[in-house]
Amino acid sequence: TESKSRKALVGGLKYSLSVKLNETDLKYTGTNIVEFDLKETGKPLRLDFFEGQVTGLKINDKDVPLTAKSKYAIALPPEFLKLGANKVVVDFTQDYSRQGVGLHRFQDPETKEVFLYTDFEPYDANRFFPCFDQPDLRASIALQVEAPASWIVIANETETSVKTGADKRKTWIFFPNPPITTYIYALHAGPYKVWKDEVQGIPLRILSRPSMAKYVRAQEFFTYTKQGFKYFNSYFGVKYPFKKYDQIFVPEFNSGAMENVAAVTFSENFLNRSTPTREQRRGAAGT
């Protein structure tokens, strides 16, 4: 009921998200600028944000008491909201996840390298950042990520630039993606190994942590991918609408795979330690 009400009130939604990541802390920080049109005022508006700490909150350039944050959400007070265009700025700190949801952190026991990936379906984007986390409130997201210089950062879109700064860190700035639902946003980061190819002008990448690289059958997975692109582009009569297609093998994954737009994650269970059987290959191709 609340989701239906919020859908009726909120439109023209877009996010500008900036996060800072590193390999040593168990927390990360960020700022999200939420811009939207409001069709009615007079009652609080829920901005979903699970358990994280809000360190600063402004609505339409006015400071809002941090008591607006509860365990599960931020209740945007109606006296700060207005009809039409609104802007909410949230500064936040959040723990990395160890449950395979939100922004999950894994440290390779062999190399001690840290790898991050997101998993948001069905209602876990708000474990990563404050947002209106429901499928029919689609929004573009302009993403900026500061991370260690040795890391690769993967998102739904390609990067517009990667700038090297102080302290061996880089800032990745990504094109805003077309409006999509929150559960298929993606942010993966770490010193991943990369394989490259292309199909019909679309860049393809496969990524895994280096210690698992010897098990990655990259050419086989690229073959499945190219066959899929050719088949579905023809079947639907609609070409793949995004700029690239990444597939990332990640550890401690809760399912087989997740269809994040242009940044699909796969369980490392697909990385067979021995020659896969025909049935295992069929299962990988089907997924």
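Everything discussed here concerns the structure shown above.
Residues numbered from 1 in each chain as written. Predicted model: local features only at pLDDT ≥ 70, side-chain atom pairs only at ≥ 80, totals over all residues. Heavy atoms only, no water.

Trainee: Just checking my understanding: could you explain the side chain of R169 for this structure?
Mentor: Among the secondary structure elements, R169 is positioned in strand β13 (residues 169–174). The exposure class of R169 is buried, given its relative accessible area of 16%. Separated by 2.7 Å, the side chain of R169 and the backbone oxygen of L21 make a polar contact. A polar contact is formed between the side chain of R169 and the side chain of E146, at a distance of 2.7 Å. Those residues in contact with R169, other than ones at most four positions away along the chain, are K20, L21, N22, E146, A147, P148, A149, K163 and T164. (Helix = DSSP H or I, 4+ residues; strand = E, 2+ residues; numbered from the N terminus. Buried < 20%, exposed > 50% of the residue type's maximum accessible area, 1.4 Å probe, protein only. Polar contact = N/O pair within 3.5 Å; in protein donor to acceptor, adjacent residues only side chain to side chain. Contact = heavy atoms within 4.5 Å.)

Trainee: I tried to follow the side chain of E157 on my own but got confused; where do I start?
Mentor: Locating E157 in the fold gives a position in the loop between β11 (152–155) and β12 (159–164). Engagement of the side chain of E157 in a polar contact is seen with the side chain of K243, the distance being 3.2 Å. Discounting chain neighbours no more than four positions away, the residues touching E157 are F174, F175, P176, N177, P178, K243 and K244.

Trainee: Is there a simple way to think about the environment of R209 in this case?
Mentor: Within the fold, R209 resides in the loop between β16 (202–208) and α2 (218–236). Judged by its relative accessible area of 9%, R209 falls in the buried class. Setting aside its immediate chain neighbours within four residues, R209 contacts F106, D108, P109, F115, Y192, P251 and E268.

Trainee: In this structure, what is going on with the packing of α2 against helix α3 (residues 278–286)? I would like to understand it.
Mentor: Angle between the axes and distance between the axes are the two parameters that describe a pair of packed helices. One can describe the packing of α2 onto α3 by two numbers: an axis separation of 10 Å at closest approach and a directional angle of 50°. Considering their axes alone, α2 and α3 lie oblique with respect to each other. Helix-helix and strand crossings are classified by hand; for α2 and α3 the assignment is right-handed. When α2 is examined against α3, the residues E220, F221 and Y224 are found in contact with a partner set consisting of R281, A284 and A285. Tallied by class, residues from the contact of α2 with α3 come to four nonpolar, no polar and two charged. (Axes fitted to C-alpha atoms, helices over the stretch in contact; angles between N-to-C directions. Parallel < 35°, antiparallel > 145°, perpendicular 65-115°, else oblique. Left-handed = near helix turned anticlockwise from the far one by under 90°. Nonpolar A, V, L, I, M, F, W, Y, C, P; charged D, E, K, R; others polar.)

Read these as geometric descriptors, not functional statements.
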